[in-house]
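# Fold and contact review
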Amino acid sequence: MAESQAAVPKNGEQRQRQRVRLHTRLTACVRQADSDDELAVCEDISPLGVCFRSKRRYDAGSVVEVAVPYSPDAANIFLPATVVYSEEMPKAGLFRHGAEYRQPGTKGPSRLVP
């Protein structure tokens, strides 16, 4: 069976994921203690976490709450998450973040699957 081009990473790095990620352009809201809520663009989402672009840099290890999809006129569900990585997107003036959902009351990533 031949691999599709979509399955081959562009940068040559081989990543194996145990869960399917849904590529999106949904609006997300990121909440962090002692700062204002920030609207962001959710790039992809899975049962274990979310990747989003934002104007603000969140350091790896930061604890946030994320609502995806977000609507200012509806009740939103914010899930606790830990930022796993943060990379600058200089041409866009944004940062891309990967965050892993965590169990309420825990300090680090949940690591739901081995």
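Going along each chain's sequence as written, the residues are numbered from 1 onward. Reporting in this predicted model follows two pLDDT cut-offs: at least 70 for local features of residues, and 80 or more for side-chain atom pairs to be given and counted; totals over whole chains, interfaces and linings ignore these cut-offs and use all residues. Side-chain figures throughout are based on the complete set of non-hydrogen atoms in the structure, without hydrogens or water.

### Here's the deal with the nonpolar core
- In this structure, Val30, Val50, Phe52, Tyr58, Val64, Val66 and Ala81 are the most contacted members of the largest nonpolar core, which totals 14 residues.
- Runs of H or I in DSSP of at least four residues are treated as helices and runs of E of at least two as strands, each being numbered from the N terminus. Looking at this core, the elements that each hand over two or more residues are strand 1 (22-31), strand 2 (38-45), strand 3 (49-54), strand 4 (63-67), strand 5 (79-89) and strand 6 (94-101).
- Here this core takes three residues from strand 2, the largest share from any one element.
- We call two residues in contact whenever any of their non-hydrogen atoms come within 4.5 Å of each other. Those residues in contact with Val64 that lie beyond four places of it in its chain are Val30, Arg31, Gln32, Tyr58, Leu79, Pro80, Ala81 and Val83. Residues enter a nonpolar core if they are buried and are Ala, Val, Leu, Ile, Met, Phe, Trp, Tyr or Cys, with the set joined through side-chain atoms within 4.5 Å. Residue exposure (1.4 Å probe, protein chains only): buried if accessible area is under 20% of the type maximum, exposed if over 50%, otherwise partly exposed.

### Some details on the pattern of salt bridges
- When a carboxyl oxygen of Asp or Glu lies within 4 Å of a side-chain nitrogen of Lys or Arg, that pair is called a salt bridge. Following the criterion strictly, the structure yields five salt bridges and no others.
- As a salt-bridge pair, Asp44 and Arg21 come within 2.6 Å of each other at their nearest N and O atoms. Residue Asp44 is located in strand 2, and its partner Arg21 is located in the segment before strand 1; the two are separated by 23 residues in the primary sequence.
- One salt bridge connects Glu87 with Arg96, and the closest N-O pair in it is separated by 2.9 Å.
- What you see here is one network of salt bridges that share partners, running through Glu43, Arg53, Glu87 and Arg96.

### A short note on the packing of aromatic side chains
- Within 6.5 Å between ring centres, the rings of Phe, Tyr and Trp (the latter by its six-membered ring) count as paired, and their orientation is classed by plane angle as stacked under 30 degrees, edge-to-face over 60, tilted in between. Overall, the coordinates contain one aromatic pair when judged by the stated rule.
- When the ring of Phe52 is compared with that of Tyr58, the centres are 6.1 Å apart and the planes differ by 70°; the resulting orientation is edge-to-face. Like Phe52, the residue Tyr58 is buried in the burial classification.

### A word on unusual backbone geometry
- Cis peptide bonds are those with omega within 30 degrees of zero, and the linkage from Val68 to Pro69 qualifies with -10°.
- By the element assignment, Pro69 lies in the loop between strand 4 and strand 5.
- Here the phi dihedral of Asp34 falls at roughly 65°; this positive angle occurs in a residue that is not glycine.
- Judged by its relative accessible area of 86%, Asp34 is exposed.

So, to be careful, I would describe these as geometric facts and stop short of saying anything about function.
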